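Per-entry structural report
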There are 2 protein chains.
Amino acid sequence: MDQAGSMKRNMNTLPASERITVRRLPQRASYEEAAIQAILDAGLMAHVGLAVDGQPYVIPMVYGRLGRNLYLHGATVSRIARQLAQGIPVCFTVTLLDGLVMARSAFHHSMNYRSVVVLGTAALVTDEAEKTQALEAITDHVLRGRWAEVRPPNAQEMKATSVLRLPLEEASAKVRTGPPKDDEEDLALDCWAGVIPLRLVALPPEDAPELREGIRPPESILEYRRS
Amino acid sequence: MDQAGSMKRNMNTLPASERITVRRLPQRASYEEAAIQAILDAGLMAHVGLAVDGQPYVIPMVYGRLGRNLYLHGATVSRIARQLAQGIPVCFTVTLLDGLVMARSAFHHSMNYRSVVVLGTAALVTDEAEKTQALEAITDHVLRGRWAEVRPPNAQEMKATSVLRLPLEEASAKVRTGPPKDDEEDLALDCWAGVIPLRLVALPPEDAPELREGIRPPESILEYRRS
Ligand SMILES: Cc1cc2nc3c(=O)[nH]c(=O)nc-3n(C[C@H](O)[C@H](O)[C@H](O)COP(=O)(O)OP(=O)(O)OC[C@H]3O[C@@H](n4cnc5c(N)ncnc54)[C@H](O)[C@@H]3O)c2cc1C
Ligand SMILES: Cc1cc2nc3c(=O)[nH]c(=O)nc-3n(C[C@H](O)[C@H](O)[C@H](O)COP(=O)(O)OP(=O)(O)OC[C@H]3O[C@@H](n4cnc5c(N)ncnc54)[C@H](O)[C@@H]3O)c2cc1C
Ligand code: HEM
Ligand code: HEM
C-alpha cells in the first residue's frame, strides 16, 4: 500500500481486511467511516448480492442506516428475506453516478462516481422496537421527516415485513472526480474532451389521483433533492 | 402464473427458467426480449455479481450490447476480468430509478423503476475484431457516436484491456409505474400522497482544463440525455 493509502487508514477507518481492499486504482479508495457513511446517506438504493448454490443474485433494494448498522426490508415470505435471515454472506453495493468522463482516446474514457461496497452477514431483526426504528430509518432515508407524516404500520403489516440488519463493519469506498486524463500526445487531437456532469433530479411531484381536496405537498417534497 | 404472466411469455420472450422467474408481485415482471433490451439500452451501468468461495461481490461496471450479447470490460489483470473469464456464474443487474412513490401509509411506500436481471456465464473475448466491436459498443452505449470521434485503442491499450461476453439468454425485467396504492380507509387521511418523479439529467459539459483552443462540444454532448 502506498503512503496515501496507509495514511487514509489511520483515523476513523473501518477494520481493514484483504477482501475489502480495492486493488485497481487504489488511490481512489477510502476506508474512512465518514466518507463511507456520506456516500451511503446520499444513495437511494443498494444492489444486494447473495449466492445460492454458487449462483450469485444481485437484487436492487432500498435501505436505511442507524449508526453502524444498515437495514433492509422485504416481504417476510420473499427469498431474499429468508436467505439473508439465515445468515449467509452478503455484498451490499451503493453507486452514485456523478459524470461521464470523455477523453480524446477511447481508452481513457471513464465515469465520475462515488461507490461503497459492504461485506458481511445480515441478521433478521426480531426485536419489535428495533424493527420499527429500522423501518422509520428506511422511510426517512428516502425522504427525511416522512415517517412522522404517514400512518405507521399496523400489526398485520409488521408481520408481513421482514427487516434485516447488516453491520457496517467491513466496507470500502471508491471515488473518482475530475477531468479526463489523456496521454500527453493526444492533447493536440481535434476532439472535445471534458466531463458531462450527471445528477439525479426530482421533477415536480404528481398528486395521487384520489388525493383529498385541499392537500398540498409539503416543502420537503416540493424541494426534494439529493446530494 | 396468472393470465397476464402466461400471455407475456407468448411472443419474443426469452427462454424461461425457474431461477429467472420473478416471484414477488409477478404482474410487474416481463420476459419479453424487447422490454429487456429497452431497459438495458437506457441504463448506464450494471451491478455485476460473482461469488468467490461463497462470498458474493457486487461490482459496478459499464456495459454495451450487440444483439443478444452483453459486453463488459476491465483491466486484464483485474480480479473481475480474470474470474469472469474462467466461466463462473454471473448475475448482471441494471436498475433505473424513475420515481419515489409516497403513500399515506408507511407500508405502501414504494419506488417506480425499471430493472433487469441477467443470469449466465461470461466468456473472455479473444477474437480481436469482436473485441474492438465490443469496445465500440460500450463506448457508443455511453454516448452514441463517440467512438468515431476519438483516438481508437492502440495495441498496448488493447492488451491491457479484457472484454467479456455475456449472452442475453436468461433474463427478466421488472417494472413499476404509477401512483401509490393505499388502502381504501387511508384515503381520508390528512397526508399528501403521490409520486416524486426522478430523472438522471446531464448538466452543461465542463471542458477539460487543457482543451485545445477553439474546440466546442459537439451537439451529442450539449444535448446529452437518456430515456
Ligand atoms: C429500486 C428498487 C428498490 C427495491 N427495493 C426493495 C426492497 O427494499 N425490498 C424488497 O423486498 N424488494 C425491493 N425491490 C424489489 C426486489 O428487487 C425484488 O424484486 C424483490 O425482492 C422480490 O424478488 P423475488 O422474491 O420475486 O425474486 P427472487 O426470488 O429474489 O429472484 C428470482 C428471480 O426473479 C428475478 N428478479 C427479482 N427481482 C428482480 C428485479 N428487481 N428486476 C428484474 N428481475 C428480478 C430474477 O430473475 C431473479 O433471479 C426493489 C426493486 C427496485 C428496482
Ligand atoms: C459507475 C462505475 C462503473 C465502472 N465500470 C467499470 C468497468 O467497466 N470496468 C472495470 O474494470 N471497472 C469498472 N468500475 C470499477 C469497478 O467497480 C472496480 O472498482 C474495478 O473493477 C476494480 O476492482 P478491484 O479489482 O480493485 O477490486 P476487486 O478485487 O474486484 O474487489 C476487491 C474489493 O475492492 C473493493 N471495491 C472494488 N470495487 C469497488 C468500488 N467500485 N467501490 C467500492 N469498493 C470497491 C471491495 O471491497 C471489494 O471487495 C466502475 C466503477 C463504477 C463506480
Ligand atoms: C465510454 C467508454 C468507456 C467508459 C465510460 C469507461 C469507463 C470505465 C470505468 C468507470 C472504469 C473503472 C475505473 C476505476 O476503477 O475507477 C474503467 C476501467 C477500465 N477501462 Fe474503460 N471505459 C470506456 C472505454 C474503454 C475502452 C475503449 C478501453 C480500452 C480500449 C477501456 C479500458 C479500460 C481499462 C483497461 C480499465 C481498467 C483500469 C484499471 O483497473 O486500472 N475503457 N472504464
Ligand atoms: C419510503 C419508504 C419505503 C420505500 C421507498 C419502500 C420501497 C419498496 C420497494 C421498491 C419494494 C419492492 C416492490 C416491488 O417488488 O416492486 C418494497 C417492498 C416491500 N415493502 Fe417497502 N418501502 C418503504 C417502506 C416500507 C415500510 C415502512 C414497510 C412495512 C411497514 C414496507 C413493507 C414492504 C413489504 C412487505 C414489501 C414486499 C412486497 C412484496 O414482495 O410483496 N415498506 N418496498
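Report on the accompanying structure. This is a predicted model, so every value here is computed, not measured.

All names here are of chain A. Summed over all chains, the structure comprises 22 salt bridges over all chains. Residue Glu170 pairs with Arg19 through a salt bridge whose shortest N-O separation is 2.7 Å. A residue pair is termed long-range when its members are at least 10 positions apart, and Glu170 in strand S10 (residues 170-176) and Arg19 in the loop between helix H1 (3-8) and strand S1 (29-30) qualify at 151 residues. Given a relative accessible area of 33%, Arg19 falls into the partly exposed group.

What follows covers the environment of Gln86(A). The topology assignment puts Gln86(A) in the loop between helix H3 (79-85) and strand S6 (89-102). Residues Gln86(A) and Leu124(A), spaced 38 residues apart in sequence, show a C-alpha to C-alpha distance of 8.0 Å.

It takes a turn of 180° to lay chain A on chain B, together with a shift of 0.0 Å along the axis; the resulting RMSD is 0.0 Å. Taken together, these values place the two copies in the relation of a two-fold axis. Across chain A, the smallest distance between a C-alpha and the rotation axis is recorded for Leu200(A), namely 2.1 Å. A symmetric contact is evident, with 100% of the interface residues of chain A recurring at the interface of chain B.

In this section: the sheet that holds strand S9 (residues 161-167) of chain A. Residue and element names in this part refer to chain A. Across the sheet, four strands lie side by side as S4-S5-S9-S8; this open sheet has antiparallel pairing. A single partner strand is all that each edge strand has here, and the edge strands are strand S4 (64-66) and strand S8 (123-124). Both S8 and S9 contribute to a ladder of two bridges, which runs antiparallel. Bridge assignment links Ala123 to a residue of S9, and that residue is Arg165. Its contacts with the sheet put helix H4 (residues 128-142) on S4, strand S5 (69-75) and S9, and the angle it makes with S4 is roughly 125°.

Let us now look at the interface of chain A and chain B. At the junction of the two partners, chain A supplies 85 residues and chain B supplies 85 residues. Counting the surface chain A buries against chain B, the share from its top three residues, Val58(A), Arg151(A) and Trp192(A), is 10%. Seen at the junction of chain A and chain B, the total is six salt bridges. The salt bridge involving Asp186(B) is made with Arg151(A); its shortest N-O contact spans 2.9 Å. When the residues that make up the side of chain A that touches chain B are grouped by side-chain class, the tally is 55 nonpolar, twelve polar and 18 charged.

Before going further, it helps to spend a moment on the coordination of the iron atom of ligand 4. There is one protein donor for the iron atom of ligand 4, and it is His73(A) (NE2), at 2.1 Å. Assignment of secondary structure puts His73(A) in strand S5.

Looking now at the site of ligand 3. Close to ligand 3 lie 19 residues, the nearest being Arg24(A), Arg28(A), Tyr113(A), Lys174(A) and His73(B). Contact between ligand 3 and Arg28(A): an oxygen atom at 2.5 Å from a side-chain N or O atom of the residue. Side-chain polar atom of His73(B) to a nitrogen atom of ligand 3: 2.9 Å apart, as the coordinates give it. When contributions to the shell around ligand 3 are tallied by element, the ones reaching two or more residues are strand S7 (110-121) of chain A together with strand S5 (69-75) and helix H4 (128-142) of chain B. Counted by class, the shell around ligand 3 contains eleven nonpolar, five polar and three charged residues.

On to the sheet that holds S5(B). Residues and elements named next belong to chain B. Strand order in the open sheet made by the four strands is S4-S5-S9-S8, with antiparallel pairing throughout. Edge positions in the sheet fall to strand S4 (64-66) and strand S8 (123-124), since each has one partner strand and no second. On the sheet, H4 packs against S4, S5 and strand S9 (161-167) and is oriented at approximately 125° with respect to S4.

The next point concerns the nonpolar core. Counting 70 residues, the largest nonpolar core has Phe92(A) and Phe92(B) as its most contacted members. Among residues more than four places away in sequence, those in contact with Phe92(A) are Leu40(A), Ala46(A), His47(A), Val48(A), Tyr63(A), Leu70(A), Leu72(A), Val116(A), Val117(A), Val118(A) and Leu166(A).

Residue and element names in this part refer to chain B. The terminal C-alpha atoms of H4, which comprises 15 residues, lie 21 Å apart, in line with the 21 Å expected from a rise of 1.5 Å per residue. For H4, the set of buried residues is Glu130, Lys131, Ala134, Leu135, Ala137, Ile138, Thr139, His141 and Val142. If you check the start of H4, you find a side-chain oxygen 3.2 Å away from the backbone N of Ala129, and it comes from Asp127.

Excluding glycine, residues mostly carry a negative phi; peptide bonds, for their part, are mostly trans. All names here are of chain A. The residue Leu25 is not glycine, and still its phi comes out positive at about 50°. Inspection of the secondary structure assignment puts Leu25 in the loop between H1 and S1. Phi is positive for Asp53, close to 55°, though the residue is something other than glycine. In this fold, Asp53 is placed in the loop between strand S2 (46-52) and strand S3 (55-61). We classify Asp53 as exposed; its relative accessible area is 81%.

Here is what the cut-offs are and how they apply
- Residues numbered from 1 in each chain as written.
- Chains lettered and ligands numbered in written order.
- Predicted model: local features only at pLDDT ≥ 70, side-chain atom pairs only at ≥ 80, totals over all residues.
- Heavy atoms only, no water.
- Salt bridge = Lys/Arg side-chain N within 4 Å of Asp/Glu carboxyl O.
- Helix = DSSP H or I, 4+ residues; strand = E, 2+ residues; numbered from the N terminus.
- Buried < 20%, exposed > 50% of the residue type's maximum accessible area, 1.4 Å probe, protein only.
- Least-squares fit on C-alpha atoms with pLDDT ≥ 70 in both.
- Contact = heavy atoms within 4.5 Å.
- Pairing = 2+ DSSP bridges.
- Axes fitted to C-alpha atoms, helices over the stretch in contact; angles between N-to-C directions.
- Buried area = accessible area lost by both parts, 1.4 Å probe.
- Nonpolar A, V, L, I, M, F, W, Y, C, P; charged D, E, K, R; others polar.
- Donors = N, O, S within 2.8 Å, 3.2 Å for Na, K, Ca; no water.
- Near = heavy atom within 4 Å.
- Polar contact = N/O pair within 3.5 Å; in protein donor to acceptor, adjacent residues only side chain to side chain.
- Core = buried A, V, L, I, M, F, W, Y, C linked by side-chain atoms within 4.5 Å.
- Expected span 1.5 Å × (residues − 1).

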